[in-house]
Amino acid sequence: MGNKIWKGRIEKNTDKTVDKFTCSIDVDKSLYLYDLTGTAAYAIGLNKIGIIPDDELKKIIYGLKTVKKNIEEGSIDTSLYEDIHSLVESELGKIIGDAGMKIHTGRSRNDQVVLDEKLFVKDALIDIISKILALQGNILKIAESKIDIIIPAYTHMQKAQPVLLSHYFLSFFKKFERDTDNLFFNFETCDYMPLGAAACAGSGYKLDRKLLKELLEFKDLDSNSMDIVGNRDFIIDFIYSCSKIMLHLSSLCEDLIIYNTSEFSFIEIDEDFCTGSSIMPQKKNPDVLELIRGKSSLVIGSLMQSMILLKGLPSTYNRDLQEDKKILLGAYKETSASVEIFSKLLEKIKFNSIKINNALKEGFLEATDIADYLVKKGESFRKAHNIVGKIVRFCIDKKISFKDLEMEELKNYSPYFESDIHDMVEIHSCISSKKVECGTEKGQVILNIESGKKKIKDSWNKLKDLIKRTPKFEKIIKYIDA
Ligand code: ARG
């Protein structure tokens, strides 16, 4: 690694093992477009304050375009460089000579790296928001098309009460809605332009930071150089949002893995999304769902890693921070891929109404509604709870269900029982009685589907605005007629 931009003070050649140990190019080369975009904008900024004359600016822009092309064609030996910033500066120098030597004036890799990471996070947020919105769209499609399917809801993994399948799916829609809100918020807190901070004290040149902010499409200027170079809160925020997404996905996956077992058979996962066993010929395993559940550990681990990386770190830039890229890129990659594949898997899920209906017949899912029935007739809830508990006990012992009980038998338990109880034990009545806005009654669920659709539509529009708030290399270089 001969191309060190910091040679001068260090006379000796660094040990080869040190070169290898300190170099981050293998990871941060994927940030090349952000580094080039930031550098192009910075060159324009230096031109504005007279550090780089017009002719040299043109050369720089031409040079950056060539570096971009060379990186994309794979014609640069990246192993020669310590990091992406050194690569861009040195390769630029090779193409345009001395003009390239001015590009780092009043800039440090400390503010440069924060810029690259912020630009990366803004794009990553847009990508993940768009994938979550697509997933939410698929959830709504199921909720709408399967509105009449009733499933048992479970608490403690024990049958609890009947609910609409749509209501179940909307419960995850809601979680992803909160995730989207978080991601939009993360975009705002990340959106402050860091250039001008330089190493830690602020640039010694009167940079036009407003111009840089506009070229790089930031909402506002970041304001304290010492904070800027050590700030990685936007990375923690991003990974926290990713972790929540993965938590939500992994519990949805867990449900679906259970519903897909032959014991449940509520759903069938399309063969496109299953794998076989190398030894057991009959197997059709839900590996995609299991892998998402597994990958959630990586993302949540990344959140811990990013926080531990920062814990107790002295102010401003410390080289520890170099490790944040591995963490950030990994968390993004796993989250983005998981949301995308899950969304596709969902499109092809089939529901087995026969198995679901059979499951509704056992487990006394209507017990709470019968207690509510007695309360509506005049009984206190605690007594009603006790009465129905005793009836359940009796039915379990006799191996019968509520429906098998005669009116006289019921009257023995409570005088409040009347002939209309038979309608009450119908599973549909259990659904239609949950009319509270957050409940599973069909009309409420339909309202929630409608408001979900509106929310997604608004979010797509909001996302379109965010896309406008990210810089494009091609647009920046058009600023200069190179
Ligand atoms: N590769 C470094 C990183 O990712 C860039 C900043 C290096 N700054 C320094 N002062 N050594 O953090």
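Residues numbered from 1 in each chain as written. Predicted model: local features only at pLDDT ≥ 70, side-chain atom pairs only at ≥ 80, totals over all residues. Heavy atoms only, no water.

**A closer look at the packing of aromatic side chains**
The geometry of an aromatic ring pair comes down to the distance between the two centres and the angle between the two planes. Keep this limit in mind: We call Phe, Tyr and Trp rings a pair once their centres come within 6.5 Å, taking the six-membered ring for Trp, and we label the pair stacked below 30 degrees between planes, edge-to-face above 60, and tilted otherwise. For the purposes of this entry, the term helix denotes a DSSP run of H or I that reaches at least four residues, the term strand denotes a run of E that reaches at least two, and both are numbered from the N terminus. Think of it in three bands: with a 1.4 Å probe and only protein chains considered, a residue is buried below 20% of the maximum accessible area for its type, exposed above 50%, and partly exposed in between. As a reminder, the over-ring test applies to NZ of lysine and CZ of arginine, requiring each to be within 6 Å of the ring centre and within 35 degrees of the ring normal.
Counting across every chain of the model gives 14 aromatic pairs. Judged by centre distance (5.7 Å) and plane angle (55 degrees), the ring pair of Y154 and F264 falls under tilted. One end of the pair, Y154, is in strand 1 (residues 150–155); the other, F264, is in the loop between helix 10 (233–259) and strand 5 (267–268), with 110 residues separating them in the sequence. For F264, a relative accessible area of 19% translates into the label buried. The structure contains a cluster of three or more aromatic residues connected by ring pairs, namely Y154, Y168, F169, F172, Y259, F264, F266 and F351. Positioned over the ring face of F234 is K118, at 5.4 Å from the centre of the ring. The ring of F184 carries K462 above its face, with NZ or CZ at 4.2 Å from the centroid.

**Focus on the layout of surface pockets**
Going by this rule: The method works on a 1 Å grid over the protein atoms by themselves. A cavity is a set of points holding a 1.4 Å probe that cannot get out, a pocket is an open set with protein on both sides within 12 Å along at least five of seven lines, and residues with an atom within 4 Å of a point line them. Grid points are joined across faces, edges and corners, and a volume is the space filled by probe spheres set on the points. Residue polarity follows a fixed list, in which Ala, Val, Leu, Ile, Met, Phe, Trp, Tyr, Cys and Pro are nonpolar, Asp, Glu, Lys and Arg are charged, and the others, Gly among them, are polar.
The calculated volume of the largest pocket comes to roughly 410 Å³. Counting only elements with at least two residues in the lining of the largest pocket, the list comes to helix 13 (353–361) and helix 18 (427–432). Ranked by residues supplied to the lining of the largest pocket, first place goes to helix 13 with five residues. Its residues assigned to classes, the lining of the largest pocket shows ten nonpolar, five polar and six charged. Reported here for the second largest pocket is a volume of approximately 320 Å³. In terms of lining, the second largest pocket is formed by 17 residues, of which the most central are D19, K20, C23, S24 and I25. Elements with a minimum of two residues in the lining of the second largest pocket: helix 1 (16–22), helix 2 (25–28) and helix 12 (324–347). A breakdown of the residues in the lining of the second largest pocket according to their chemical character gives six nonpolar, three polar and eight charged.

**Thoughts on the pairing of strand 2 (residues 158–164)**
Each regular strand carries side chains that alternate between the two faces of the sheet. Selection criterion: When DSSP finds at least two bridges between two strands, those strands are taken to pair.
Here six bridges tie strand 1 to strand 2, and the two strands are oriented antiparallel to one another. In the strand pairing of strand 2, P152 is matched with P162. The loop that links strand 1 with its antiparallel partner strand 2 comprises two residues; one of these, H156, has a positive phi angle of about 55 degrees.

**Here's the deal with the site of the ligand**
Note the cut-off: Residues are counted as near a molecule or strand when any one of their heavy atoms sits within 4 Å of it. Pairs of N or O atoms within 3.5 Å make up the polar contacts considered here, provided that, within protein, one atom can donate a hydrogen while the other can accept it, and that residues adjacent in sequence are counted only when both atoms are side-chain atoms. The Shrake-Rupley method, run with a 1.4 Å probe, gives the accessible areas here. Residue values count only the displayed protein chains as cover.
Around the ligand, the structure places S24, D83, H85, R109, N110, V113, Y317, R319, Q322 and K325. Within the side chain of N110, an N or O atom sits 3.0 Å from a nitrogen atom of the ligand. Q322 places a side-chain nitrogen or oxygen 2.8 Å from a nitrogen atom of the ligand. In isolation the ligand offers 340 Å² of accessible surface; the protein chains occlude 87% of this area. Looking at which element gives the most residues to the shell around the ligand, the answer is helix 6 (residues 109–145), with three residues. The residue inventory of the shell around the ligand, partitioned by class, reads two nonpolar, four polar and four charged.

**Points about the side chain of S241**
Going by this rule: Only heavy atoms enter the contact rule, under which two residues are in contact if any of them lie within 4.5 Å.
When you line up the elements, S241 lands in helix 10. On the basis of relative accessible area, S241 is assigned to the buried category, the value being 1%. In this structure, S241 is in contact with N182, L183 and N186, ignoring residues within four places of it in sequence.

**Describing the nonpolar core**
What counts is decided by this rule: Residues belong to a common nonpolar core when they are buried Ala, Val, Leu, Ile, Met, Phe, Trp, Tyr or Cys residues joined through side-chain atoms within 4.5 Å.
Counting residues in hydrophobic clusters, the biggest one holds 125 residues, and the most contacted among them are F120, V121, F238, L249, L256, F342 and L346. Here this core gets 18 residues from one element, more than from any other, and that element is helix 6. If we ignore the near neighbours within four places in the chain, the residues touching F238 are V121, A124, L125, I128, N186, L328 and Y332. Of all hydrophobic cores here, the second largest spans 19 residues; its members include I387, V388, V392 and M424.

**Section: unusual backbone geometry**
Peptide bonds are, in most cases, trans, and in most cases residues other than glycine have a negative phi. Phi angles above zero are rare outside glycine, and H156 is one such case at about 55 degrees. Relative to the assigned elements, H156 resides in the loop between strand 1 and strand 2. With relative accessibility at 75%, the residue H156 sits in the exposed group. With a phi angle near 60 degrees, M157 is a residue other than glycine that sits in the positive phi range. Its location among the elements puts M157 in the loop between strand 1 and strand 2.

**A word on empty space enclosed by the protein**
A full pass over the atoms with the stated rule returns two cavities of 30 Å³ or more. Of the pockets and cavities examined, the largest cavity occupies roughly 60 Å³. If you trace the largest cavity, you find it lined by I370, F402, L405, L410, F417, I421, H422 and V425. Classifying every residue of the lining of the largest cavity gives seven nonpolar, one polar and no charged. Size it by volume and the second largest cavity reaches roughly 50 Å³.

**Side note on the pattern of salt bridges**
Our working rule: Any carboxyl oxygen of Asp or Glu within 4 Å of a side-chain nitrogen of Lys or Arg constitutes a salt bridge here.
On inspection of all chains with the given rule, the structure shows 37 salt bridges. For the salt bridge of D324 with K325, the shortest nitrogen-to-oxygen distance reads 2.8 Å. Here D324 falls in the buried class, since its relative accessible area comes to 4%. Here the salt bridges share partners, and the residues they tie into one network are K122, E188, D191, K219 and R469.

**Points about helix 13**
Basically, it comes down to this: Directions drawn from the helix axis to the C-beta atoms are what define this arc.
Residues I356, A359 and L360 constitute the buried set of helix 13. Projected down its long axis, helix 13 shows its buried positions confined to an angular sector of 105 degrees, all on one face. The outward face of helix 13, more than 90 degrees from its buried face, is lined by the exposed residues I354 and K361. Contacts made by the buried residues of helix 13 are with strand 1, strand 2 and helix 18. Of the residues flanking the end of helix 13, it is G363, one or two places downstream, whose phi is positive at about 100 degrees.

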